[in-house]
Amino acid sequence: MDIILGIDLGTTNSEVAVIRDGRPVVLPDDNGDPILPSVVGLDPQGKLLVGHAARNQFVLAPERTVRSIKRRMGEETTVALGGQNYTPQEISAIILRTLKQRAEKALGQPVRKAVITVPAFFNEGQRDATREAGELAGLEVVRIINEPTAAVLTYDPHPAEMERLLVYDLGGGTFDVSVAQVEDGVVEILASHGDTHLGGDDFDQRLLDFVCDRFLSQHGIDLRDSLAARSRVLRAVEDAKKTLSSDAIARIEEEFIAEKKGLPLHLNVEVERTDYEELIEPLLAKTLTCLDQSLSDARLQANQIDKVVLVGGATRTPLVHRLIQERLGRPVHAEVEPDLAVAMGAAVQAGLIAGVEVGPILVDITPHTLGISALGELHGLSSVHAFAPIIERNTPLPATRTEIFSTVADGQEGAEIRVFQGENADTRYNTLVGEFVIEGLADVSAGNQIVVRLDLDLSGILHVTATERLTGLARRVTIDNAMERFRAKQRTDAVDRLEAIFETDEAEGADEEEAPAIALENLDGLSPAQREAAGRASALIAKAERLLQAGANAEDAAELSALLTDLRAALERRSEDELRRIATEVEDLVFYLEDR
Ligand code: AMP
């Protein structure tokens, strides 16, 4: 049977994939890199360079290098390369031929056919130019498909029922959002919107300005004025940007970046993720406007979307996940490497055309969110049980993430790190997977920063590191098989899970103040809202009981017992309204007791 390649011919990067054992796989180069930068150049001797080598020489030899040729596809134009003029199709053909050779080497046989992806907004002229580029590269283009269509196919070509998906594709230079419907291997794009000049490159530019402005105010030198300095900073900020997708802080260091009065100046800036997020938020707001527009064009409400699929390298940015999740009220799918999803989908389409059996992708992901308990707001009250997520669920493994936390007291000597797995904002409804204390912190005011790092590997082993940012003091623990533990826990019912957590609290002498005083029975089957109401009531009663023990009269004690009885009855009846009403009564009682 003929092998048909799936090719993502991207503006910034391109990839080639095939179906192996019923699953799409992206074929890497000799160094194991699946990504081929879409850059073509000639070296000083006139030798052809494609990919990383061409990209690396771009800054120094722009006249011998061509990039982003996809933006010119379909235009009656040529680009100059080393004294010769080439059409956009010819430059694209060089990229396609490189991918074809890579595939032939990996497969050990010649290939002649391909499915190539294009943006949904490409017109007929642009599609024809893409087909022509394929032919010039010696490939019969058996089908041109839309990039969002490919992304949808990657996730599941044959869902059990018709599914509606939203594909959010943020690459280096372009943004697209599409609403699609898939049923039985057939994808229909219901609506598409985008911005052909918005992407990760703009994030780099904002970070570059931030860094250069800082340097300018420190040294009175604008690094943007020198081409060489600017390109070094640009490269450094792109790396920092990627670091900030997993770490809470990134350091940008470039030695001898400038000179002042004969003395060398070094660039050394630390950027926190929160600062970076402030810089890019206005850009992401634009993408959300497009998202709303495409939903409205497809005549769908957010809750009618079954899956949100992320595509494009820039969607690795955690703020992207957070904003979409907030807007659509559902978790996003990023199981497939976002910059490989389109190529894999093209391979799925190729497999469907060739009549090969293709199943949904199988990727190891974190089934639940991992994070720690921290002081925060729960049900309008300040609580030490607030859940601070660090690795979000559906993150592909292995995964590493860091977040910054701060001490709450002046001269705080230690901090308890309690690691939980689950989705509830209240850690008492999640599963405790491990805990430890970092001691010997510097004697400083409240706000001493502790960087917490979680590393989760493919076998579910979790390394947790807490580091005092000021001194570098660190404590690290390993939690074996955090995920296994969770799966085992899943088999027990919710009551057992909660009681186990509460018992741990008591056994370890943890914060008595917030520990629930009543056993929350029969929570199994409660909705998240009901659980939340029950959790709120139980925390309040715990507080009330403590106040009563501190000296309450018989009347107050009797009122509390009655409330306990009512609460248990409300739990039995699974009545959310009653739970909320009783919680409000308890709140009043606590307020009254505290006030006396
Ligand atoms: P694509 O066009 O899909 O290959 O996306 C390329 C863009 O994704 C570039 O702007 C990259 O800098 C960006 N990118 C790649 N990896 C990451 C990452 N880990 N975090 C944030 N952006 C990334």
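Because the structure is predicted, anything quoted here is derived from the model rather than measured.

Colleague: Please set out the environment of Asn146 residue by residue, giving values where relevant.
Modeller: Note that Asn146 resides in strand β11 (residues 140–146). When the C-alpha positions of Asn146 and Val342 are compared, they lie 9.1 Å apart, and in sequence the two are 196 residues distant. Residues within four places of Asn146 in sequence aside, it is in contact with Val118, Pro119, Ala120, Arg127 and Ile189.

Colleague: Outline the site of the ligand, supporting the account with residue identities and numerical values.
Modeller: Taken together, 15 residues form the shell around the ligand, and within it Asn13, Glu238, Lys241, Ser245 and Gly313 come nearest. Within the side chain of Lys241, a nitrogen or oxygen atom sits 2.6 Å from an oxygen atom of the ligand. Gly313 is positioned with one of its backbone polar atoms (N or O) 2.9 Å from an oxygen atom of the ligand. Look at the ligand: alone it shows 510 Å² of surface, and the protein chains cover 87% of it. Going through the elements one at a time, α5 (200–219) and α6 (227–246) are the ones with two or more residues in the shell around the ligand. A total of four residues in the shell around the ligand trace back to one element, the largest contributor, which is α6. Taken together, the residues of the shell around the ligand break down into one nonpolar, nine polar and five charged.

Colleague: Tell me about the pattern of salt bridges, and please be specific about residues and values.
Modeller: This structure, assessed with the given rule, holds 25 salt bridges. A salt bridge links Glu270 to Arg251; the nearest nitrogen and oxygen atoms lie 2.8 Å apart. A residue pair is termed long-range when its members are at least 10 positions apart, and Glu270 in strand β16 (residues 263–272) and Arg251 in strand β15 (residues 249–260) qualify at 19 residues. Overall, Arg251 belongs to the partly exposed group, its relative accessible area being 45%. Between Arg428 and Asp426 there is a salt bridge, with the nearest N and O atoms lying 2.9 Å from each other.

Colleague: Any details on a nonpolar patch on the surface? Residues and values, ideally.
Modeller: A contiguous nonpolar surface patch, about 330 Å² in accessible area, is contributed by Val59, Leu60 and Leu227. One can find Leu227 in helix α6.

Colleague: Run through helix α9 (residues 341–354), naming residues and quoting values.
Modeller: Taking 1.5 Å as the rise per residue, α9 with 14 residues should run 20 Å; its terminal C-alpha atoms sit 20 Å apart, in good agreement. Of all 14 residues that make up α9, 11 are buried, and the element is covered over most of its length. Within the sequence span of α9, burial applies to Ala341, Val342, Ala343, Met344, Gly345, Ala346, Ala347, Val348, Gln349, Ala350 and Gly351. Downstream of α9 by a residue or two, Gly355 has a phi angle that is positive, lying close to 80°.

Colleague: Could you give me a rundown of the sheet that holds strand β7 (residues 65–67), with the residues and numbers involved?
Modeller: The antiparallel open sheet is built from three strands, whose spatial order is β6-β5-β7. Two strands in the sheet have a free side with no partner beyond their single neighbour: β6 (48–50) and β7. In this sheet, adjacent strand axes meet at a mean angle of 15° when their direction is disregarded. Looking at chain direction, strand β5 (residues 39–42) and β7 are connected through three bridges and run antiparallel. Residue pairing across strands places Val39 opposite Arg67, the latter belonging to β7. Its contacts with the sheet place helix α2 (residues 88–107) against β5, β6 and β7, and it is angled at close to 70° to β6.

Colleague: Mind laying out empty space enclosed by the protein, listing which residues take part and the relevant values?
Modeller: If you walk through the whole model with that rule in mind, you get three cavities of 30 Å³ or more. In this structure, the second largest cavity occupies an estimated 50 Å³ of space. What lines the second largest cavity is simply Glu147, Pro148, Ala151, Val167, Asp169, Asp176, Ser178, Val311 and Val342. Mapped by element, the contributors of at least two residues to the lining of the second largest cavity are α4 (147–155), β12 (163–170) and β13 (175–183). Sort the elements by how many residues they give to the lining of the second largest cavity and α4 lands first, with three residues.

Colleague: Can you tell me about the nonpolar core, naming the residues and giving the values?
Modeller: Leu166 and Tyr168 are the most contacted members of the largest nonpolar core, which has 53 residues in total. Sort the elements by how many residues they give to this core and helix α7 (residues 273–297) lands first, with nine residues. Filtering out sequence-adjacent residues up to four positions away, Leu166 remains in contact with Val177, Ser178, Val179, Leu291, Leu295, Ile305, Lys307, Val308, Val309 and Leu328. Of all hydrophobic cores here, the second largest spans 32 residues; its members include Val18, Val40, Val66 and Ile94.

Colleague: Can you explain the confidence of the model for the chain? Please cite residues and give values.
Modeller: Overall, the predicted model of the chain reaches an average pLDDT of 85, with 84% of residues at or above 70. When mean pLDDT is taken per element in the chain, strand β1 (residues 4–9) scores highest with 98 and helix α11 (residues 494–507) scores lowest with 40.

Colleague: Please give an account of the sheet that holds strand β20 (residues 399–406) that cites residues and values.
Modeller: Picture the strands of a sheet paired through backbone hydrogen bonds; they go either parallel or antiparallel. The four strands are arranged β20-β23-β24-β25 in an open sheet whose pairing can be described as antiparallel. Edge strands, defined here as strands with exactly one partner in the open sheet, are β20 and β25 (474–479). The average angle at which neighbouring strand axes cross in this sheet is 15°, direction not considered. Bridge count for β20 against strand β23 (residues 449–456) is eight bridges, and the pairing is antiparallel. Each bridged residue has a counterpart across the sheet, and for Glu403 the counterpart in β23 is Val452.

Each value, and the rule that gives it
Residues numbered from 1 in each chain as written. Predicted model: local features only at pLDDT ≥ 70, side-chain atom pairs only at ≥ 80, totals over all residues. Heavy atoms only, no water. Helix = DSSP H or I, 4+ residues; strand = E, 2+ residues; numbered from the N terminus. Contact = heavy atoms within 4.5 Å. Near = heavy atom within 4 Å. Polar contact = N/O pair within 3.5 Å; in protein donor to acceptor, adjacent residues only side chain to side chain. Areas by Shrake-Rupley, 256 points an atom, 1.4 Å probe, with all protein chains shown as cover. Nonpolar A, V, L, I, M, F, W, Y, C, P; charged D, E, K, R; others polar. Salt bridge = Lys/Arg side-chain N within 4 Å of Asp/Glu carboxyl O. Buried < 20%, exposed > 50% of the residue type's maximum accessible area, 1.4 Å probe, protein only. Patch = residues over 30% accessible without salt bridge, like charges linked within 9 Å, V, L, I, M, F, W, Y side chains within 5 Å. Expected span 1.5 Å × (residues − 1). Pairing = 2+ DSSP bridges. Axes fitted to C-alpha atoms, helices over the stretch in contact; angles between N-to-C directions. 1 Å grid on protein atoms, 1.4 Å probe; cavity = no way out; pocket = protein on both sides within 12 Å on 5 of 7 lines; lining within 4 Å. Points joined across faces, edges and corners; volume = space filled by probe spheres on them. Core = buried A, V, L, I, M, F, W, Y, C linked by side-chain atoms within 4.5 Å. pLDDT = per-residue confidence, 0-100.

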